[in-house]
Amino acid sequence: MLLKSYKTKFIKELSLLYDDKEMESFFYLILEYFHQIKRIDLALNPEMEMNSSQLLRWESVLSDLKKQKPIQYILGETEFYGLPFLVNENTLIPRPETEELVELIIKQNSKSEIPPGPKVNGAKLNSKLKILDIGTGSGCIAISLAKNISNAEVFAIDISEKALAAAQKNAEINKVKVNFIQADILKINNLEQLPTSVFQLPTTFDIIVSNPPYVRNSEKAEINPNVLEYEPHLALFVKDEDALLFYRKIAKLALNNLTSKGKLYFEINQYLGKETVELIKSFGFRNVVLQKDIYGNDRMIEGTR
């Protein structure tokens, strides 16, 4: 069957579920994934065919898309901050808004000067910028920071063993070192209690960043089926009566485990910007700034210890 002809069928069968831009994007993502060719290649060779086994693969993907399964889960991969990431049902699909948070941290800290470490044989050792990502999921924040901040030593926590397994693979794919820790952050009273065996955990960090669960259960009606039915609820939702649970816990931990003038960064619920700012200020953080994302929604908070 001609790929060009199959595209017509592909678009027609998905037209009631997706807009034109999404369907075009899906088609060409799959084209590159299955055939290692780009849009321009098909345009230059409209008579390109696929065999029966390739057709079966396309039909399987088309069936999943009709069920509104995210294309990233179907292909098992996505891109974040220009880097490749494996994703599965145990990890959230990284969002463009989170890329903005990463960009903010890199912009503010890529040239940070860290005070020299202790003397060894009379010479001062340069210390690294110590970064902790809480609730790392696929590892997209931690890995992107490790890749783009040359003097960083990065640590990352998640409650899910399966998510951490994916994150470790992503670190290997992107050729960076991130120290991963499995822990339930809500059960930790001090970050020094975190269980580690193969590396030494710093007593303080220069940066703590988190994109914790922040969607209230009452907001589920606003969530598209492709998110609600497929992405891990553990990483998405919080109870309405305690929507800032993770922010309060992480801010409290940051008081004890951030260096003096260390930075705390959050991605937040767009509807709770002012409330989250007040919460962070109540812990004594200074220079607390609320920033909007590219869509004009309150999305990021930074504060200084």
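Since we're looking at a predicted model, the values are computed, not measured.

J.: Even after reading the chapter, I still don't get the nonpolar core, so can you show me in this structure?
T.: The nonpolar side chains of soluble globular proteins are, as a tendency, buried together. The biggest cluster of nonpolar side chains holds 40 residues, and the ones touching the most others in it are Leu-132, Ile-157, Leu-191, Leu-194, Ile-208, Leu-264 and Phe-285. At the level of elements, strand 5 (129-134), strand 6 (152-158), strand 8 (205-210), strand 10 (237-238), helix 10 (245-257), strand 11 (258-267) and helix 11 (273-282) are the ones that each hand at least two residues to this core. Ignoring anything within four residues of it in the chain, the contact list for Leu-191 reads Leu-132, Ile-157, Ile-185, Leu-201, Phe-205, Ile-208, Leu-253 and Asn-257. Within the second largest apolar cluster, 30 residues are counted, among which are Phe-85, Ala-152, Val-178 and Tyr-265.

J.: Just to check I follow, could you spell out the packing of aromatic side chains for this structure?
T.: The description of an aromatic ring pair rests on the distance of the ring centres and on the angle between the ring planes. Applying the stated criterion to the full structure yields 12 aromatic pairs. Between Phe-80 and Phe-85, the aromatic rings sit 6.1 Å apart at their centres with planes inclined by 85 degrees, giving edge-to-face as the arrangement. An identical accessibility class is assigned to Phe-80 and Phe-85; each is buried. Ring centres 4.8 Å apart and planes at 65 degrees place the aromatic pair Tyr-247 and Phe-266 in the edge-to-face group. A residue pair is termed long-range when its members are at least 10 positions apart, and Tyr-247 in helix 10 and Phe-266 in strand 11 qualify at 19 residues.

J.: Would you mind showing me how to read the side chain of Thr-91 here?
T.: In this fold, Thr-91 is placed in the loop between strand 2 (83-86) and helix 6 (96-109). Among residues more than four places away in sequence, those in contact with Thr-91 are Tyr-73, Gly-137, Ser-138, Ala-163, Ala-166 and Pro-232.

J.: Would you mind going over the pattern of salt bridges with me for this structure?
T.: Charged atoms that come close allow side chains of opposite charge to pair. In this structure the tally under the stated criterion is 12 salt bridges. For the salt bridge of Arg-95 with Glu-231, the shortest nitrogen-to-oxygen distance reads 2.8 Å. In this pair, Arg-95 is assigned in the loop between strand 2 and helix 6 and Glu-231 in the loop between helix 9 (225-228) and strand 10, connecting sequence segments 136 residues apart. The class for Glu-231 is buried, based on a relative accessible area of 4%. What emerges from the salt-bridge pattern is a single network uniting Lys-9, Glu-13, Glu-59 and Lys-66.

J.: Got a minute to help me understand helix 7 (residues 140-148) in this structure?
T.: Two residues of an α-helix separated by three or four positions point the same way, owing to the 3.6 residues in each turn. Helix 7 sits mainly inside the fold: 7 of its 9 residues count as buried. Every buried residue belonging to helix 7 is among Cys-140, Ile-141, Ala-142, Ile-143, Ser-144, Leu-145 and Ala-146, and all of these are buried.

Calculation criteria
Residues numbered from 1 in each chain as written. Predicted model: local features only at pLDDT ≥ 70, side-chain atom pairs only at ≥ 80, totals over all residues. Heavy atoms only, no water. Core = buried A, V, L, I, M, F, W, Y, C linked by side-chain atoms within 4.5 Å. Buried < 20%, exposed > 50% of the residue type's maximum accessible area, 1.4 Å probe, protein only. Helix = DSSP H or I, 4+ residues; strand = E, 2+ residues; numbered from the N terminus. Contact = heavy atoms within 4.5 Å. Phe/Tyr/Trp six-rings, centres within 6.5 Å; stacked < 30°, edge-to-face > 60°. Salt bridge = Lys/Arg side-chain N within 4 Å of Asp/Glu carboxyl O.

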